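# Survey of secondary and tertiary structure
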Amino acid sequence: PPAAPWTLAGLLLCWLATSILFNYLTPLLLSLVHNEDVTMLELSVTVLFGAAVVRARGLRLLPPASAAPRLALVGALHLIGCRCFVWGLRFVPVSLAQTIRASSPLVAMPLGAFLFGERCSWATAAPLLAILAGFALSVGASGAGAHPAGCAAAVASLCCLVLVNGCSKREAAHPAEIQFWVCGGAWVWLLPVWLLTGGPARISAYDGDARQLVLLLLVDGFMYYAEQFAQSTVLKCVQFLPFAVIDTVRRLAIVSVSGFLVQGNACTATNAAGIVLVLGGAVAYNVAKAAPAPKKAD
């Protein structure tokens, strides 16, 4: 059943707050250990929190046998999407990579029609282009000098992201179970690679403040878990394409808070115009979606 408005609002606020905190803490963790180790450590803590919540709620730790192959694939897609995004940042600026990922509604539109039969009129689709253009302006994205490999990695990350959301939404299970199974699958796929590439040796060679590292890892991992759980819950409450639109607005809020408030970057007129365009596009999308379909002539 659809969530009550106040419940959905609370979930959205939790999703946004944990996303902002997670995106603030992860760079701090990256400054201490290798990026591949960060992914492994974050997933490990997330899986531990997920297992504890699943057990506390009396839910299933293991997926049904019939769903296990699908969920293993979704876990692999989740991991590939994360690694492609991080790898692509070696070649393109964060603003361009985030803009590419913010185009998820354009990918979710055909996938939603295929998986869930959600049809989208041109009047509903047009605001999506305004949202994407506004996002590019708000973060100052530019394609000048963009490396094809970096752009391809960002596009691959985007496709993995949308596929993971679509496949997760199709699973008839509790959001806590889905979150645990998907992140657990990603952890299982990454573990042998991490072991073979010297992950344990890199961690044991860490010569900084171990207590600080563990505390930061626990808080960061919990934020990652809370973000993923809130996302899985919201995904179950709304349709697929509206979820993608919400996700893009969430990304804009993360970039705005991180860049303009936390880092103190100046908000130019172009940035402000982009933010207004994104919000206006989101409002226009919802107005067009809520409009009654025209009656066919007899």
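See the structure above.
To start, this report covers the structure provided alongside it. Keep in mind it's a predicted model, so treat the numbers as computed, not measured. (Residues numbered from 1 in each chain as written. Predicted model: local features only at pLDDT ≥ 70, side-chain atom pairs only at ≥ 80, totals over all residues. Heavy atoms only, no water.)

To continue, consider the overall build of the protein. For the protein, the helix and strand inventory stands at 12 helices and zero strands. Its helices and strands in sequence order give the protein the pattern α-α-α-α-α-α-α-α-α-α-α-α, from N to C terminus. Here the protein has a C-alpha radius of gyration of 20 Å; the compact-globule value for 298 residues is 19 Å, and the two agree. Here the C-alpha coordinates of the protein stretch approximately 70 × 50 × 35 Å along the principal axes. Each of the 298 residues in the protein was classed as buried or not, and the buried ones make up 45%. Restricting the contact set of the protein to residue pairs at least 6 apart, pairs at least 24 apart contribute 87%. Surface summary for the protein: the accessible area is close to 14900 Å², and the carbon and sulfur share equals 71%. (Helix = DSSP H or I, 4+ residues; strand = E, 2+ residues; numbered from the N terminus. Rg over C-alpha atoms; globule rule 2.2 N^0.38 Å. Buried < 20%, exposed > 50% of the residue type's maximum accessible area, 1.4 Å probe, protein only. Contact = heavy atoms within 4.5 Å. Areas by Shrake-Rupley, 256 points an atom, 1.4 Å probe, with all protein chains shown as cover.)

Compared with an ideal rise of 1.5 Å per residue, which puts 18 residues at 26 Å, helix α6 (residues 122–139) spans 27 Å between its outermost C-alpha atoms and is within 8% of the ideal. Among the residues of α6, those classed as buried are Thr-124, Ala-125, Pro-127, Leu-128, Ile-131, Gly-134, Phe-135, Ser-138 and Val-139. Of the surrounding elements, those touching the buried residues of α6 are α4 (94–101), α5 (104–116), α11 (240–262) and α12 (269–290). Count one or two residues on from α6 and you reach Gly-140, which has phi positive near 70 degrees. (Expected span 1.5 Å × (residues − 1).)

Right, let's get into the side chain of Asn-271. Tracing the backbone shows Asn-271 in helix α12. For Asn-271, a relative accessible area of 10% corresponds to the buried category. If we ignore the near neighbours within four places in the chain, the residues touching Asn-271 are Leu-137, Ser-138, Val-139, Gly-140, Phe-260 and Ala-266.

This part covers the pattern of salt bridges. Inspection of the entire model under this criterion finds six salt bridges. Between Arg-250 and Asp-247 there is a salt bridge, with its nearest N and O atoms 2.6 Å apart. Taken together, the positions of Arg-250 and Asp-247, both in helix α11 and three residues apart, correspond to about one turn of that helix. Take Arg-250 and Asp-247: they sit in the same class, and that class is buried. The residue Arg-251 makes a salt bridge to Asp-247 at a minimum N-O spacing of 3.6 Å. Here Arg-251 pairs with Asp-247, and both are found in helix α11, just four residues apart, close to one helical turn. For Asp-247, a relative accessible area of 3% puts it in the buried group. Several salt bridges share partner residues, and in doing so they unite Glu-227, Asp-247, Arg-250 and Arg-251 into one network. (Salt bridge = Lys/Arg side-chain N within 4 Å of Asp/Glu carboxyl O.)

Before going further, it helps to examine the nonpolar core. Core analysis: the biggest nonpolar cluster contains 35 residues, and Leu-29, Leu-43 and Val-182 have the highest contact counts within it. Residue assignment for this core shows that the elements contributing at least two residues are α1 (5–30), α2 (35–56), α3 (68–88), α7 (148–170), α8 (175–196) and α10 (210–237). With nine residues, α8 is the single largest residue contributor to this core. Sequence-distant contacts of Val-182, that is, excluding residues within four places in its chain, are made with Leu-71, Val-74, Gly-75, His-78, Val-164 and Ser-168. Core analysis: the next-biggest nonpolar cluster, separate from the first, contains 33 residues, Val-92, Val-162, Phe-240 and Val-245 among them. (Core = buried A, V, L, I, M, F, W, Y, C linked by side-chain atoms within 4.5 Å.)

We now examine empty space enclosed by the protein. All told, the structure shown has one cavity of 30 Å³ or more when counted by the stated rule. Of the volumes computed, that of the largest cavity is approximately 50 Å³. Every residue along the wall of the largest cavity is listed here: Ser-104, Ala-108, Leu-161, Val-162, Asn-165, Phe-240, Phe-243, Ala-244 and Asp-247. When residues of the lining of the largest cavity are traced back to their parent elements, those giving at least two are α5, α7 and α11. The element that contributes the greatest number of residues to the lining of the largest cavity is α11, accounting for four residues. A per-class count over the lining of the largest cavity returns six nonpolar, two polar and one charged. (1 Å grid on protein atoms, 1.4 Å probe; cavity = no way out; pocket = protein on both sides within 12 Å on 5 of 7 lines; lining within 4 Å. Points joined across faces, edges and corners; volume = space filled by probe spheres on them. Nonpolar A, V, L, I, M, F, W, Y, C, P; charged D, E, K, R; others polar.)

Take the environment of Arg-60 next. Topologically, Arg-60 is positioned in the loop between α2 and α3. Note on Arg-60: relative accessible area 35%, which makes it partly exposed. A C-alpha to C-alpha distance of 36 Å links Arg-60 and Val-255, two positions 195 residues apart in sequence. If we skip the residues at most four places from it in the chain, Arg-60 touches Val-54, Ala-172, Ala-173, Glu-177 and Trp-181.

Next up on the list: the packing of α7 against α11. Where α7 meets α11, the axes come as close as 11 Å, and the angle between the chain directions of the two elements is 135 degrees. For the element pair α7 / α11, the angle class is oblique. Crossing of α7 over α11 shows right-handed handedness. Across the interface between the two elements, Leu-161, Val-162, Asn-165, Gly-166 and Lys-169 from α7 touch Phe-240, Phe-243, Asp-247 and Arg-251 from α11. Within the contact of α7 with α11, the residues separate by chemical class into four nonpolar, two polar and three charged. (Axes fitted to C-alpha atoms, helices over the stretch in contact; angles between N-to-C directions. Parallel < 35°, antiparallel > 145°, perpendicular 65-115°, else oblique. Left-handed = near helix turned anticlockwise from the far one by under 90°.)

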